[in-house]
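# Structural overview for review
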Amino acid sequence: MITQLKMALVVLLALASAQAAALEIVATASSLGALAREVAGPGATLTVLAGPDRDLHQLQAKPSMIRHLRDADLVVALGAELESGWLPAAISGAANPNIQPGKPGYFEAAAQVELLETGGAADRAMGDVHPVGNPHLDLDPLRMAAVGQALAARLGQLDPAGAAGYRQRADAFTTQVRARVAEWNKTLTGAPGAVLYHRDAIYLLSRFGVPLLGVIEPVPGVPPTGRQLSELTRALKDSRGVILFTPYQSPQAPQALARDLGWQAIQLPLEPPVDADGEGYLAHIGRWVAALASVR
């Protein structure tokens, strides 16, 4: 009898593992891919639609995206209209009823946490604006930990047999994040501040109380004019800070500003490597923290 019960337990565990392994997750960005990989664990299949060298504002729906979405159980997006130029078209093309907005298979990180810069104008003539809030929340590790908890709940809804494992992995990631944030708070105490090319790192600056000294593109998504750059230079003269920009942003303006101010301009990817897990995501945040702390 005991042998039979053991056999039944083995079969149930095998079925549970098989169900978890069946989940196919598609993430729009590699930061979300890292989070999904950490929380879902090795049983799930994960695809990231845009690598760290791509600007999520500027993508277009492609057949390869549609193929991945066609069989997905869950889409994980940043939301707040960041992917609005291409993700709805790709989901529509995939004709997968399980991942439509409002279904359990559609998950937006921005819907899980409080956003910064909400209530802006909804006029595209003013550039890449996001009236519901700034969507670049993935540079805030504590918000990402909260998103991880919500993601674990969603995965558990899709795969009840794996729910406990998802919760445990999300809890472990949250513990890691809190420990690292405590270290980074000490590292960034007294950091003079940063100039950003785009308002894509404000969550990181806000989390650690680092001043935002200026933004190179005064209109989101529109390069600065020479006059605007000169005005920024005059405003920052005799102050200290660091200029941060990403690989898909033109280095011309950041480097000119750095030369005129005698500052350092540092190029950093906005997203971690496409194969990153939770530790890879934290290493990515660590690079941004080190850049902010490089000026004293």
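Details of the structure are given in the entry above.
In short, a report on the structure. (Residues numbered from 1 in each chain as written. Predicted model: local features only at pLDDT ≥ 70, side-chain atom pairs only at ≥ 80, totals over all residues. Heavy atoms only, no water.)

### Quick look at the sheet that holds strand S1 (residues 24-29)
Strand order in the open sheet made by the 4 strands is S2-S1-S3-S4, with parallel pairing throughout. Both outer strands of the open sheet, strand S2 (45-50) and strand S4 (106-108), are each paired with one neighbouring strand and no more. Within the sheet, the average angular offset between the axes of one strand and its neighbour, ignoring direction, is 20°. Contacts from helix H2 (residues 30-40) reach S1, S2 and strand S3 (74-77), with the element oriented near 150° to S1. (Pairing = 2+ DSSP bridges. Helix = DSSP H or I, 4+ residues; strand = E, 2+ residues; numbered from the N terminus. Axes fitted to C-alpha atoms, helices over the stretch in contact; angles between N-to-C directions. Contact = heavy atoms within 4.5 Å.)

### Some thoughts on the packing of helix H8 (residues 226-236) against helix H9 (residues 252-261)
With their axes 10 Å apart at the nearest point, H8 and H9 run at an angle of 35° to one another. Note on packing geometry: the crossing formed by H8 with H9 is right-handed. Contact with H8, carried on its side by Leu229, Leu232, Thr233 and Leu236, involves Ala253, Ala256, Leu257, Asp260 and Leu261 of H9 and no other residues of that element. Its residues assigned to classes, the contact of H8 with H9 comprises 7 nonpolar, 1 polar and 1 charged. (Left-handed = near helix turned anticlockwise from the far one by under 90°. Nonpolar A, V, L, I, M, F, W, Y, C, P; charged D, E, K, R; others polar.)

### Let's talk about the pairing of S3
Covered by surrounding structure in S3 are Leu74 and Val76 together with Val75 and Ala77, the residues of both alternating faces. Where S1 and S3 come together, 3 bridges link them in parallel fashion. When the sheet's bridge partners are listed, Val26 is paired in S3 with Val75. Between the parallel pair S3 and S4, the chain is carried across by helix H4 (residues 87-94), and the sense of this crossover is right-handed. (Buried < 20%, exposed > 50% of the residue type's maximum accessible area, 1.4 Å probe, protein only. Right-handed = clockwise from strand over helix to strand, strands pointing away.)

### A word on the packing of H2 against helix H6 (residues 163-187)
Put simply, H2 and H6 touch, their axes get as near as 7 Å, and they point 125° apart. Considering the angle they form, H2 stands oblique to H6. Across from Leu35, Glu38, Val39 and Ala40 in H2, the residues of H6 making contact are Tyr166, Arg169, Ala170, Phe173 and Gln176. Looking at side-chain class alone, the contact of H2 with H6 contains 6 nonpolar, 1 polar and 2 charged residues. (Parallel < 35°, antiparallel > 145°, perpendicular 65-115°, else oblique.)

### Digging into the pattern of salt bridges
Side chains that differ in sign of charge can pair as their charged atoms come close. Scanning the model with the defined rule gives 6 salt bridges in all. A salt bridge links Glu231 to Arg227; the nearest nitrogen and oxygen atoms lie 3.5 Å apart. Of the two residues, Glu231 and Arg227 are both situated in helix H8; the distance of 4 residues between them amounts to about one turn of the helix. On the accessibility criterion, Glu231 (38% relative accessible area) is partly exposed. For Arg227, a relative accessible area of 67% translates into the label exposed. Salt bridges here are not isolated pairs; linked through shared partners, they connect Asp140, Arg143 and Arg207. (Salt bridge = Lys/Arg side-chain N within 4 Å of Asp/Glu carboxyl O.)

That's the geometry; what it means functionally is another story.
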